[in-house]
Every structure is written in structure tokens, then in C-alpha cells.
Amino acid sequence: MEIERKYLLGEIPEGLNLNDKHSISQGYISNNPVVRIRKYDDEYILTIKSRGLIERIEIEKPLSYQEFSELSTMVRGNLIEKDRYKIPLDDGYTLELDVFHGIYEGLIIAEIEYESIEKAESYKAPGYLYCDVSEYPEYQNSSLSTMSPDEIRELLEKSRRLTS
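Everything in this summary refers to the structure shown in the same document. (Residues numbered from 1 in each chain as written. Predicted model: local features only at pLDDT ≥ 70, side-chain atom pairs only at ≥ 80, totals over all residues. Heavy atoms only, no water.)

1. With respect to the pairing of strand E2 (residues 21–31)
Rules: For every residue, the accessible area obtained with a 1.4 Å probe (protein chains only) is divided by the maximum for its type, and the residue is called buried under 20%, exposed over 50%, and partly exposed between those limits. Each helix is a run of DSSP H or I of at least 4 residues and each strand a run of E of at least 2, with the numbering of both proceeding from the N terminus. Two strands pair if DSSP finds at least two bridges between them.
The element E2 is largely enclosed, with a buried count of eight among its 11 residues. Relative to strand E7 (residues 76–88), E2 runs antiparallel, the two being bridged by seven bridges. Of the residues in E7, the one forming a bridge with Tyr28 is Arg76. As defined by bridge partners, E2 adjoins strand E3 (residues 34–40) across seven bridges and the pair is classed as antiparallel. Note that in E3 the partner of Asn31 across the bridge is Val34.

2. Quick notes on the pairing of strand E1 (residues 2–9)
For a regular strand, the rule is simple: side chains alternate between the two faces of the sheet. Most of E1 sits out of view: eight of its eight residues are buried. Covered by surrounding structure in E1 are Glu2, Glu4, Lys6 and Leu8 together with Ile3, Arg5, Tyr7 and Leu9, the residues of both alternating faces. Two strands pair when backbone bridges link them, and E1 and strand E5 (residues 55–56) are joined in this way by two bridges, in the antiparallel orientation. Residue pairing in the sheet places Ile3 in a bridge with Glu55 of E5. Across six bridges, the pairing between E1 and strand E9 (residues 108–113) is antiparallel. Its bridge partner lying in E9, Lys6 is registered against Glu111.

3. Some details on unusual backbone geometry
With an omega of 0°, the peptide bond between Asn32 and Pro33 qualifies as cis. Note on placement: Pro33 falls in the loop between E2 and E3. Phi at Asp41 takes a positive value of approximately 55°, unusual for a residue other than glycine. By secondary structure assignment, the location of Asp41 is in the loop between E3 and strand E4 (43–49).

Right, dumping it as C-alpha cells:
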């Protein structure tokens, strides 16, 4: 089970520890259910997710490079490229800060995973995470992957308005 909240940022806050950086490239074979393939640094992963925004079932399996390459031919929509920074927070949680590249340049989304819905709902996020987009489906990566260039431009403009 995956339980997470997503936050939209206009910029990377000063003072964050950005030493733990990972390069991600991912594509979607299906959006219902979500079937994703991901290159995470030098690892290849198949992920299947149930429907939902804050809480959903998530199953991950490792792939070989050959399996990843073969599945890549089935990817539909936009490829998502981003750098992920894993940032330990003082309260024991880890902030995953995604800085998007390519057609999504300028988009910055942070996620925190929780062990229960109750913790996700009661958690007091750091002040720079004031723009909670957990229940905005357009900020899910699977939704991003299906957007047209015009929809991406609109989303980036909306994101700037929400974070200014």
C-alpha cells in the first residue's frame, strides 16, 4: 500500500540537503490500471498501481535491461524525465523532491510517504510545502504522461499561479 501526499513548489527551497540525487526516466504502458516502467539510475522497474490519489496499492518488480527495452516499445504518451532528491526531514520522514526536465521543465513536486492515512492527514508539513496537490489528479505522473503540449503549458502556468 502506498500512502503519500504531493506538494507543488515554485522553486527549490534554500538549505535543503540535495546530496542524494537520482535520475529517473519513466513511461506508462497503461493508465487504468497504472502500469509504469522506470529507469531509476541503473535499475529498471515495473510498477503496477491501483486507482486512487492519496492511498493506493503499489506493486514493484525489478526488470532486466532487455525486459525494460522490450516494454519501452509499448509506452504510450509522453516520457517523463526528472531528477529525484531524497531529503531526510527532522521528524524522520523523507521528502522526495522531483525536478522535472524536458517538456515539463519548471515543474517541481515533492512527496512524502506515510504509514497510515491518519498520519498523512494529521502531518504538519514544513512551511515551504504549503501547496498540497495530493487530490489534484493532473499532478500524478500517469496523468502528466497523457497531456498534449497545450495541456502541459496550461498546467505549468497553473502551477506558477498556485506557488506565487
